Amino acid sequence: MNKSILFRLGQHVGKYKRYMLAAFICAILSVAASLAGPFLIGQAIDKMIGNKAVDFILLRKVLIVLAINYAGGSLFSWLLIYLTNQVAYNAVNDLRNNLFEKLSKLPLEFYDTNAHGDIISRFANDLDAIGDGLLQVLSAFLTGFVTIIGAICVMMYKDPIMTIVVFLFTPLSYLVARFITNRSQKMFKRQAQSLGSLNGYVEEVIGGQKIVKAFNYENRSKEKFREINGELYKSGVKAQFYSSLTNPSTRLINNITYSVIGVVGSIRGILGKITIGGISSFLIYANLFAKPFNEITSVIAQIQAAVASAERVFAIYDLEEEKPDKKGQVANKPVQGEIVFDKVSFSYNPERPLIKNFSLQVPRGSKIAIVGPTGAGKTTLVNLLMRFYELDSGSIFLDGINISNMTRDELRRNFGMVLQDTWLFAGTVRDNIAYGKPEATDEEIIAAAKAADAHGFIKRLPEGYHTLINATGDNLSQGQKQLLTIARVMLLDPPILILDEATSSIDTRTEIRIQKAFLKMIKGRTSFVIAHRLSTVKEADLILVLDNGNIVERGTHEQLLKINGSYAKLYYSQFLPA
């Protein structure tokens, strides 16, 4: 197994030293009760041998002492399980909190390149597997460690020769178990990966169910699901099969050891080296000595699944975070909205440059429209401006300050974004509008909704602003969801606006009203409008036509039509009959 993963899990468990100490004490007391029982039984047998009649008084005393002994042992065993549960699930709770915190620090690139379902699987399935594995390991390790030490001491006291026989077979059990686990661990890794892939695919298909049905993709999606599910089945069966061989194999060796001890003990009893009671108790101690190995091998599947899952979780922990903010370099003053791109270069893939030496000066209060074919780099400019991605070279300045010298919080609080893809969370309509300003009053929220032309449909909802919507917003139309996101931004009233196809999901009549609201909203503010529907950019102060990350044309609507270039072709293709 991966030693570094076990070490890192041990660090999280080590945070709960008090629980671990208490659990260790309970393990000692529980094992002591287990070891005392056979000793008492052996002593009683030796005293009764040779008597013509059964000594019921002695037998009653022994039974009472054994009952008290095992009752106490059971109590301490229960406390041990309770304490190990506390340690295991507190450790998993820490891991889950740390994982969520880590996700908030990762760059946007991570979410663009990883299936969301696979990320969720690490939160749910992988961390649950870690919790189950930790619980099994802690309980088995604490009791096993104490049991082995105690059993060795008692067996050496009883008969050193028979103890050596036990020691000779112990390495064989270890070697067999290690041989099998080393080969099954690869299967558990593949099983965890397949489960993540399955969750990712299911999340995508369920989220895009309308598209699946619209394009009659049901049968092909089923085939893809069967393929991924089949891979999970194969890896799961192989992992469970190989790991299941460990426990029977070690038990076989332990049974052979037990038989050999019985033969050796009988010979030594005949020679008078050990009593009958001593042989009886020694055989019980030999079983107790083997018990920890059997327990660990019986849960080897859970342990290996936990290690494989921990590797997936720690793989996210080890990812490089966003570059840390440079603090204390920006004065807390109102933003005017002057933006300058100075020789900016950027690429998602170093082998395929996208934006090269891009320069642009945007005066404060300007309305800048960005148009161009898909993949031209329109949204990428916005991602760079918001520092969702870091530049390869060049600089971007906001009011003369390099945005790399601003904290992301300082920078992004000055922007309001309305994207083509709407995002709502499970909650009331009011909560969704107030997402960026939780302290907003009802009057402010209603005013923002009216400005976004959303107040009318909200009032028609069953509970108005207190109507609950689900995380996907399926109880609202696409246009209604977009209106809520627009109201969310209007509530913030930011100095700079970014509208990325903001009205693409709204009907033409509503779009006209929203455009009027936007014109009022952006008055005196710097704004960037990304659009394919060129009717929304005609009033812009400056229109940039991008292609392959470069500005190929710039000017007002009338100027670009006179040039009769790329913009004119795009415009006439939308407004002139074929």
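Keep in mind the model is a prediction, meaning the values are calculated, not measured.

Procedures and definitions
- What you see as residue numbers is a count from 1 along each chain, following the sequence as written.
- Only residues with pLDDT of at least 70 get local features here, since the model is predicted, and only at 80 or more are side-chain atom pairs given and counted; chain-wide, interface and lining totals rely on the full set of residues.
- Side-chain metrics rest on all non-hydrogen atoms present in the structure, leaving aside hydrogens and water.
- A patch consists of residues exposed above 30% relative accessible area that lack any salt bridge, with like charges linked at up to 9 Å and nonpolar side chains (Val, Leu, Ile, Met, Phe, Trp, Tyr) linked at up to 5 Å.
- Calculation of accessible area relied on Shrake-Rupley with a 1.4 Å probe; when residues are assessed, cover is drawn exclusively from the protein chains displayed.
- Put simply, a salt bridge is a Lys or Arg side-chain nitrogen that is within 4 Å of an Asp or Glu carboxyl oxygen.
- Numbered from the N terminus, helices here are DSSP runs of H or I no shorter than four residues, and strands are runs of E no shorter than two.
- Relative accessibility thresholds used throughout: buried, under 20% of the residue-type maximum; exposed, over 50%; partly exposed, between the two (1.4 Å probe, protein chains only).
- In short, DSSP must find at least two bridges between two strands for them to pair.
- Note on definitions: a residue-residue contact is assigned when non-hydrogen atoms from the two residues lie within 4.5 Å.
- All axes here are fitted lines through C-alpha atoms, helices being fitted over the stretch that makes contact, and every angle between N-to-C directions spans 0 to 180 degrees.

J.: An account of a nonpolar patch on the surface is requested, with residue identities and associated values reported.
T.: There is a patch of nonpolar side chains on the surface, built from V137, F141, F145 and I149 and spanning about 370 Å² of accessible area. Relative to the elements of secondary structure, I149 occurs in helix α5 (residues 116–158).

J.: Any details on helix α12 (residues 378–385)? Residues and values, ideally.
T.: Among the eight residues of α12, seven are classified as buried, and the element is accordingly described as predominantly covered. Those residues of α12 that fall on the buried side of the exposure criterion are K378, T380, L381, V382, N383, L384 and L385.

J.: How would you summarise the pattern of salt bridges if you had to cite specific residues and measurements?
T.: Within this structure, the stated rule accounts for 14 salt bridges. The salt bridge involving D409 is made with R413; its shortest N-O contact spans 2.3 Å. The exposure class of D409 is partly exposed, given its relative accessible area of 48%. Judged by its relative accessible area of 52%, R413 is exposed. Its salt-bridge partner being K437, residue E444 comes within 3.4 Å of it at the nearest N-O pair. Connected through shared salt-bridge partners, D118, R122, D126 and R312 make up one network.

J.: Mind laying out the sheet that holds strand β2 (residues 355–362), listing which residues take part and the relevant values?
T.: Ordered by their spatial adjacency, four strands build an open sheet running β2-β1-β4-β5, and the pairing between neighbours is antiparallel. The open sheet has two edge strands with one neighbour each: β2 and β5 (401–402). In this sheet, strand β4 (residues 393–398) lies alongside strand β1 (residues 339–346) in antiparallel orientation, the contact comprising five bridges. Bridge assignment links F341 to a residue of β4, and that residue is I396. Its contacts with the sheet place α12 against β1, β2 and β4, and it is angled at close to 110° to β1.

J.: Could you give an account of the pairing of β1, naming the residues involved and the relevant values?
T.: Two strands pair when backbone bridges link them, and β1 and β2 are joined in this way by five bridges, in the antiparallel orientation. Paired with V340 across the strands is Q361, a residue of β2.

J.: Lay out the pairing of strand β10 (residues 526–530) with the relevant residues and their values.
T.: On a regular strand, each side chain points to the face opposite its neighbour's, so the side chains alternate between the two faces of the sheet. Here β10 lies mainly inside the structure; five of its five residues are buried. Judged by which residues are buried, β10 turns out to be covered on both faces: T526, F528 and I530 on one side and S527 and V529 on the other are all buried. Sheet analysis places strand β3 (residues 367–371) next to β10, joined by four bridges and oriented parallel. When the sheet's bridge partners are listed, A369 is paired in β10 with V529. Here strand β9 (residues 496–500) runs beside β10; their pairing, made up of five bridges, is parallel. Paired with L497 across the strands is S527, a residue of β10.

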